[in-house]
Amino acid sequence: MQKKKLDSTNHIQLLAPSNWEDYELIDCGNFEKLERFGQHVLIRPEPQAVWPKTLSEEDWTRIHHIRFKGRSATSGDWIKKGNKISDRWHIRYRNAQVSIQLRLGLTSFKHVGVFPEQAVNWDYISESVQQFSTPIPRVLNLFAYTGGASMVAKAAGADTTHVDSIRQVVTWANENQELSGLQDIRWVVEDALKFVKRELKRGKKYNGIILDPPAYGHGPKGEKWKLEDHIMEMMRDVVQLLDPEEHFLILNTYSLGFSSVIVENLIRSAHPQVENLEIGELFLQATKGNKLPLGVFGKFRKLKAQ
């Protein structure tokens, strides 16, 4: 007889952004995705899209403006339809609490400066900041990339610290701050784990912590990051930075080897007293096709008793 185990978390959630005027996943399949960012429609590689496309190849060819063609496993070129298509453009994201603008660009490693599925986490961030009773909550964004989450936290009213190891993407994030009409985000170009350990020594506390670590990475001084080797150490440290009375934490991973159960185990091991834990998968729903899975998350929030 099968034994059923009752889980103390909610069921595993499947979450996708909705009502984002400036973004649309049109179709995905055959290891590619067809996406609209504002006025541009792009074709990019997608290793998780192992099923057939819904639309025909002729439809994809007709609809798209720009296509990424890989030269190696890590880089490639963008092929444009016509000379009037810009390498840089802007999109807006808004929800009930905030509105931000992001500068997008065509990079040699297929990214454009935003991961659209993260809008689900942005909503959680803005809701959390505005529910806190702390007048100006402090939020720390680690592995912060071009700063979508940092913009949302700041726009919602948080004192925001943005940490990334690559100076060029921190400069890009600063452009997004200016576009969004924001100011005074604290920019830190440093290895995330080193920064966290320094903040612990200083006795710092944060009301919100956001982690979206890569599978592999390097710090500005050559520090090596490997997700499975370092994530447990990172989690043990960051939970000590949380304000004990009022906080949220988001852990998001995009790694083919990580499941939502692994993320749950990491959080519970690092923070056995966790409250209101939610775990699940982020995905994008194609308007003409299937769901595209794009990472697993764990998040929790604690509010002061009223």
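Refer to the structure above for everything that follows.
Only a predicted model underlies this, so the values are computations on that prediction, with no experimental measurement involved.

Caption draft 1: Structural context of the overall build of the chain. Of the regular secondary structure elements, the chain holds 7 helices and 17 strands. The C-alpha extent of the chain, read off along each of the three principal axes, is 60 × 55 × 40 Å. Per-residue burial over the chain gives 51% buried out of 306 residues. Sequence-distant contacts in the chain: of pairs separated by 6 or more residues, those separated by 24 or more amount to 63%. Split by element, the accessible area of the chain, about 14,900 Å² in all, is 50% carbon and sulfur.

Caption draft 2: Representation of the packing of helix 5 (residues 192-202) against helix 6 (residues 227-241) in the model. Packing of helix 5 against helix 6 brings their axes to within 10 Å, and their N-to-C directions diverge by 35°. Along this stretch, helix 5 crosses helix 6, giving a crossing that reads as left-handed. Note on element contacts: helix 6 touches helix 5 through E233, M234, D237, V238, Q240 and L241, opposite A192, L193, V196, K197, E199 and L200. Partitioned by chemical class, the residues of the contact of helix 5 with helix 6 number 7 nonpolar, 1 polar and 4 charged.

Caption draft 3: Examining helix 7 (residues 260-270) more closely. When helix 7 is considered as a whole, its buried residues turn out to be S260, V263, E264, L266, I267 and A270. Buried residues in helix 7, looked at end-on, bunch into an arc of 160°, giving them a common side. Among the structural elements, helix 6, strand 15 (247-253), strand 16 (278-285) and strand 17 (291-302) are those in contact with the buried residues of helix 7.

Caption draft 4: A look at the pattern of salt bridges. Enumeration over the complete set of coordinates arrives at 20 salt bridges. Salt-bridge contacts for E24 lead to R36; the nearest nitrogen and oxygen are separated by 3.2 Å. One end of the pair, E24, is in strand 2 (residues 23-29); the other, R36, is in strand 3 (residues 32-37), and 12 residues separate them in sequence. What emerges from the salt-bridge pattern is a single network uniting E32, K53, E57 and R67.

Caption draft 5: Up close: the nonpolar core. Residues V114, W122, I125 and F248 are the most contacted members of the largest nonpolar core, which totals 44 residues. Among all residues touching I125, those that are not within four sequence positions of it are A149, V152, A153, I210, F248 and I250. Ranked by size, the runner-up nonpolar core spans 34 residues in total, among them A192, V239, L249 and F300.

Caption draft 6: Inspection of the sheet that holds strand 17 at higher detail. What the 8 strands build is an open sheet, ordered 1-16-17-15-12-9-10-11; its pairing is mixed. Among the strands making up the open sheet, the edge pair consists of strand 1 (13-15) and strand 11 (186-189). Within this sheet the neighbouring strands show an average axis-to-axis angle of 20°, counted without direction. Of the strands in this sheet, strand 1, strand 9 (138-142), strand 12 (208-211), strand 15, strand 16 and strand 17 are in contact with helix 2 (residues 119-131), which crosses strand 15 at around 170°. Against the sheet, helix 3 (residues 148-156) makes contact with strand 9, strand 10 (159-164), strand 11 and strand 12, and its axis sits at roughly 170° relative to strand 10, the strand it touches most.

Caption draft 7: Looking closely at the packing of aromatic side chains. Tallied over the full model, the rule gives 9 aromatic pairs. Taking 5.8 Å as the distance between ring centres and 45° as the angle between the ring planes, the aromatic pair formed by W20 and Y23 counts as tilted. In this pair, the class of W20 matches that of Y23, namely buried. Taking the centre distance of 4.8 Å and the plane angle of 75° together, the rings of W20 and Y93 count as edge-to-face. Pair noted here: W20 is in the loop between strand 1 and strand 2 and Y93 is in strand 7 (residues 88-94), with a separation of 73 residues, a long-range link. Taking relative accessible area as the criterion, Y93 reaches 4% and is therefore assigned buried. Among the aromatic residues, those joined into a ring-pair cluster are W20, Y23, F37, Y93 and W122. Positioned above the aromatic ring of Y206, the side-chain terminus of R138 is 4.5 Å from the ring centre. K299 extends its terminal NZ or CZ atom over the ring of F297, reaching a point 5.0 Å from the ring centre.

Caption draft 8: Quick peek at helix 3. Counting buried positions along helix 3 yields 7 of 9 residues, so the element is predominantly enclosed. Once helix 3 finishes, G157 follows within two positions and takes phi at roughly 115°, a positive value.

Caption draft 9: Representation of the environment of Q130. Within the secondary structure, Q130 sits in helix 2. A residue is classified by how much of its surface remains accessible, and Q130, at 44% relative accessible area, is partly exposed. Between the C-alpha atoms of Q130 and A153, which are 23 residues apart in sequence, the distance is 9.5 Å. Of the polar contacts made by the side chain of Q130, one reaches the backbone oxygen of A156; its length is 3.5 Å.

Caption draft 10: Geometry of the sheet that holds strand 2. Strands sit in the order 2-3-4-5-6 across an open sheet of 5 strands; the sheet is mixed. Looking at the sheet topology across the chains shown, the edges are occupied by strand 2 and strand 6 (76-80). Adjacent strand axes in the sheet meet at a mean angle of 20°, parallel and antiparallel pairs treated alike. Where strand 5 (residues 66-70) and strand 6 come together, 5 bridges link them in antiparallel fashion. Paired with F68 across the bridge in strand 6 is W78.

Procedures and definitions
Residues numbered from 1 in each chain as written. Predicted model: local features only at pLDDT ≥ 70, side-chain atom pairs only at ≥ 80, totals over all residues. Heavy atoms only, no water. Helix = DSSP H or I, 4+ residues; strand = E, 2+ residues; numbered from the N terminus. Buried < 20%, exposed > 50% of the residue type's maximum accessible area, 1.4 Å probe, protein only. Contact = heavy atoms within 4.5 Å. Areas by Shrake-Rupley, 256 points an atom, 1.4 Å probe, with all protein chains shown as cover. Axes fitted to C-alpha atoms, helices over the stretch in contact; angles between N-to-C directions. Left-handed = near helix turned anticlockwise from the far one by under 90°. Nonpolar A, V, L, I, M, F, W, Y, C, P; charged D, E, K, R; others polar. Arc of directions from axis to C-beta. Salt bridge = Lys/Arg side-chain N within 4 Å of Asp/Glu carboxyl O. Core = buried A, V, L, I, M, F, W, Y, C linked by side-chain atoms within 4.5 Å. Pairing = 2+ DSSP bridges. Phe/Tyr/Trp six-rings, centres within 6.5 Å; stacked < 30°, edge-to-face > 60°. Lys NZ or Arg CZ within 6 Å of the ring centre and 35° of its normal. Polar contact = N/O pair within 3.5 Å; in protein donor to acceptor, adjacent residues only side chain to side chain.

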